[in-house]
Protein chains: 2
Amino acid sequence: MSTTIYDVAEEASVSMATVSRVVNGNPNVKPATRKKVLDAIERLEYRPNAVARGLASKKTTTVGVIIPDISSIFFSELARGIEDIATMYNYNIILCNSDKNKDKEIHLLNTLLEKQVDGILFLGGEITEEHAEHLRRSSVPVVLAATFHEEGEFPAINIDYAQAAFDAVDHLLKKDHKHVGMLTGTLEDPVNGYQKFKGYKEALENNNVAFDESLVAVCDYTYDSAIESLEGLLQSNNKPTAIFSATDEMALGAIHGLQDRGIRVPEDVEVIGFDNTRLATMVRPTLTTVVQPMYDIGAVSMRLLTKYMDNEDIDEQNVVLPHRIAYRNTTK
Amino acid sequence: MSTTIYDVAEEASVSMATVSRVVNGNPNVKPATRKKVLDAIERLEYRPNAVARGLASKKTTTVGVIIPDISSIFFSELARGIEDIATMYNYNIILCNSDKNKDKEIHLLNTLLEKQVDGILFLGGEITEEHAEHLRRSSVPVVLAATFHEEGEFPAINIDYAQAAFDAVDHLLKKDHKHVGMLTGTLEDPVNGYQKFKGYKEALENNNVAFDESLVAVCDYTYDSAIESLEGLLQSNNKPTAIFSATDEMALGAIHGLQDRGIRVPEDVEVIGFDNTRLATMVRPTLTTVVQPMYDIGAVSMRLLTKYMDNEDIDEQNVVLPHRIAYRNTTK
DNA sequence: TTGAAAGCGCTAACAC
DNA sequence: GTGTTAGCGCTTTCAA
């Protein structure tokens, strides 16, 4: 079997309590005995059993992360931010894909709780009342990232999506575009759907431009769906001369869809994306897009979670990170 | 405190052993008592403690995944394949970024072992002799994915990178290109560097084309580095009329770098990438590239790991998945 | 500064 | 079918 704390104690001729103390950096150990123990550990290649430790101490130094889809260019960047900060604070991460599926999300929540994680990060999905009920019952802190609960009941890290969308569309409108199209996710999606759409509409109102339903296309976030939906927009009586897309990937779809039809970007149609994923500079023309600090959202949410786990003071449980627009070449 | 198996036993007026039996689906329980227990569990909202269970059973149903960088479009796709199969077999995943850094990798290996994972998936990094020593000492099975050990000592899932590179370059050469450039990763990288470069050289030899050092540029896998390195290739006395890139992202860099200089793709220069990431169809012209089944590599490696963990028979510890070339519009 | 001993919540013999 | 009991490897009082 693998060597235990008892073996080390015996090898060093001390009690297991003393071994435990040196392993845990407890200062109440005479340097000489500390050395004895350290040597024994080395000789025996002792490696503490984190499961036993977790059972005894009720801390696993592991946090659960529920993420819609790790293969998404957006969420994987978030995940990286999370993992970096987790490492910094000595936590490991159990990563689970939810596909934004409610049942899966709730199931995962329970699985993670069974595994005794010290905290949970919930990313991206819609927070329904059913979610809220489960989250409330959680025995460990939960923080949301890139999503939020209507009532602001749970700590959450986001940008102001509606305002960001407003800014982008407003920019277009101020340049005298009369017909600005929008590519959106499903409106049930609080972030990529509802909030951004809301910003779009508000910008229209604010600029006294009538809302035209035929100018908004609901897509499923994929590049291909954007190309397809474009057909609809182009059919509108109010053919768009500018398009705001809820994600970069769909913006690329729009750009290429336009180009494939011989429509020039930005000369004939200007395009603004959202997220500033690495894709944005990997297209020609390079994409003007709303910059959302993805890595930071992950990092900040993990940091906030550590505060909850360590019972530190929380100054603000709902943090709104800044956004801006990166002007590149899909706009004039 | 949270409710334990004792509470349930009391509530149901049975012994804890019986509760354990129903929780674990042991058939030796009378239906009537099973129901009693199930009811008690429901009433008390009992949730088994996986840590205690792990300590007692020596199984955590958790596997460790050491991955170079989860935010990479390539590895995140692999990770998705891993997670899906893990879920299917009821495992969770502890995800750790290594940045292909040897010390980090070895440190992570130890951390995961401390956490008593049931198995480990090691992705992408170089396997030095030092790695091998640590891997050999692992108390749980380890499988490699998208990397391998020279001696084939450890189970590994890959495609034949050298052959794949050969195929791509050979295709170019057969079309009478005399000067085929290559964008490669560092040659220490067994996969993206050495193997692909080897395939490149072999294709040259096979077609009786002299190797010209000025035609290969070592990049750091980024889009930008590819754009930069392009300058060097274009300076060569044997200006390339075709370019083979070790990754799609660098291929995009090359394409845009060429286009920015007014060089047309594929008319003036043909380009072939590697991986067939989602980027490949998100560029114009769409990218001809070597198709590597990323998701499958993840899925198959996780499946193989489950076999090791469950002591199933292994037919082949070194699996080589098929590759092919997707011909699109960066080649004529 | 060190040791003894009581759990942590569960599984897995073993007995009945 | 069901209960008893001895660990799993560690942390954490409490004494000394």
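Residues numbered from 1 in each chain as written. Chains lettered and ligands numbered in written order. Predicted model: local features only at pLDDT ≥ 70, side-chain atom pairs only at ≥ 80, totals over all residues. Heavy atoms only, no water.

Under an unreviewed UniProt entry, the name given to chain A is Catabolite control protein A, and the source organism is Geomicrobium halophilum. Quoted straight from UniProt, the Function (unreviewed entry) entry for chain A says "Global transcriptional regulator of carbon catabolite repression (CCR) and carbon catabolite activation (CCA), which ensures optimal energy usage under diverse conditions." (UniProt positions renumbered as here; feature names shortened; annotations may be inferred.)

Undergrad: Any details on the overall build of chain A? Residues and values, ideally.
TA: In terms of helices and strands, chain A carries twelve helices and twelve strands. The 332 residues of chain A split such that 57% are buried. Surface exposure of chain A reaches about 14100 Å², of which carbon and sulfur atoms provide 49%. Side-chain charges of chain A comprise 33 positive and 49 negative groups, with the mean position of each set lying 7 Å from the other. (Helix = DSSP H or I, 4+ residues; strand = E, 2+ residues; numbered from the N terminus. Buried < 20%, exposed > 50% of the residue type's maximum accessible area, 1.4 Å probe, protein only. Areas by Shrake-Rupley, 256 points an atom, 1.4 Å probe, with all protein chains shown as cover. Lys, Arg positive; Asp, Glu negative; His and termini not counted. Charge placed at Lys NZ, Arg CZ, Asp CG, Glu CD.)

Undergrad: Break down the interface of chain A and chain B for me, with residues and values.
TA: Counting from both sides, the interface comprises 51 residues of chain A and, opposite them, 51 residues of chain B. Where chain A abuts chain B, roughly 4400 Å² becomes buried across the two surfaces, and 52% of that area is made up of carbon and sulfur atoms. For the chain A face of the interface with chain B, the top three residues by lost area are Arg-80, Met-282 and Arg-284 of chain A, together amounting to 15%. The partner of Glu-249 of chain B in a salt bridge is Arg-278 of chain A, and the shortest N-O contact between them spans 2.5 Å. Counting the contacts that link chain A with chain B gives 29 residue pairs in polar contact (both at pLDDT 80 or more). (Contact = heavy atoms within 4.5 Å. Buried area = accessible area lost by both parts, 1.4 Å probe. Salt bridge = Lys/Arg side-chain N within 4 Å of Asp/Glu carboxyl O. Polar contact = N/O pair within 3.5 Å; in protein donor to acceptor, adjacent residues only side chain to side chain.)

Undergrad: Give me the lowdown on the packing of helix α1 (residues 5-12) of chain B against helix α2 (residues 16-23) of chain B, citing residues and values where you can.
TA: All names here are of chain B. Interhelical geometry of α1 versus α2 gives an angle of 105 degrees and a closest axis separation of 8 Å. In terms of their interaxial angle, α1 and α2 are classed as roughly perpendicular. Between α1 and α2, the contacting residues are Ile-5, Tyr-6, Val-8 and Ala-9 on the first element and Met-16, Val-19 and Ser-20 on the second. (Axes fitted to C-alpha atoms, helices over the stretch in contact; angles between N-to-C directions. Parallel < 35°, antiparallel > 145°, perpendicular 65-115°, else oblique.)

Undergrad: I'd like to hear about the pattern of salt bridges, residue by residue, with values.
TA: Applying the stated rule across the entire model yields 36 salt bridges over all chains. Of the charged contacts, one joins Arg-80 of chain A and Asp-69 of chain B as a salt bridge, the two residues approaching to 3.0 Å between their closest N and O atoms. Placement of the pair is Arg-80 of chain A in helix α5 (residues 73-88) and Asp-69 of chain B in the loop between β1 (62-67) and α5 (73-88), with the two residues belonging to separate chains. For Arg-80 of chain A, a relative accessible area of 9% gives the class buried. A salt bridge links Arg-136 of chain A to Glu-153 of chain A; the shortest N-O distance between them is 2.5 Å. Taken together, the residues Arg-136 of chain A in helix α7 (residues 129-137) and Glu-153 of chain A in the loop between β4 (142-145) and β5 (156-159) connect sequence positions 17 residues apart. Using a relative accessible area of 40% as the deciding quantity, one classes Arg-136 of chain A as partly exposed. For Glu-153 of chain A, a relative accessible area of 32% translates into the label partly exposed.

Undergrad: Talk me through the environment of Ser-301 of chain B; I want residue IDs and the actual numbers.
TA: All names here are of chain B. Examined against the element boundaries, Ser-301 turns out to sit in helix α12 (residues 294-309). Residues Ser-301 and Leu-121, spaced 180 residues apart in sequence, show a C-alpha to C-alpha distance of 7.5 Å. Those residues in contact with Ser-301 that lie beyond four places of it in its chain are Ile-82, Leu-121, Val-143, Ala-145, Ile-157 and Asp-296.

Undergrad: Describe the nonpolar core, and please don't skip the residues or the numbers.
TA: The biggest cluster of nonpolar side chains holds 196 residues, and the ones touching the most others in it are Phe-244 and Met-302 of chain A together with Phe-244 and Met-302 of chain B. Ranked by size, the runner-up nonpolar core spans twelve residues in total, among them Ile-5, Ala-12, Val-29 and Ile-41 of chain B. (Core = buried A, V, L, I, M, F, W, Y, C linked by side-chain atoms within 4.5 Å.)

Undergrad: So what's going on with the packing of α2 of chain B against helix α3 (residues 31-44) of chain B? Which residues, and what values?
TA: All names here are of chain B. Remark: α2 packs on α3, axes separated minimally by 10 Å, with the N-to-C direction vectors making an angle of 85 degrees. In terms of their interaxial angle, α2 and α3 are classed as roughly perpendicular. For the pair α2 and α3, the contacting residues are Thr-18, Val-19, Val-22 and Val-23 in the first and Arg-34, Val-37, Leu-38 and Ile-41 in the second. Counted by class, the contact of α2 with α3 contains six nonpolar, one polar and one charged residues. (Nonpolar A, V, L, I, M, F, W, Y, C, P; charged D, E, K, R; others polar.)

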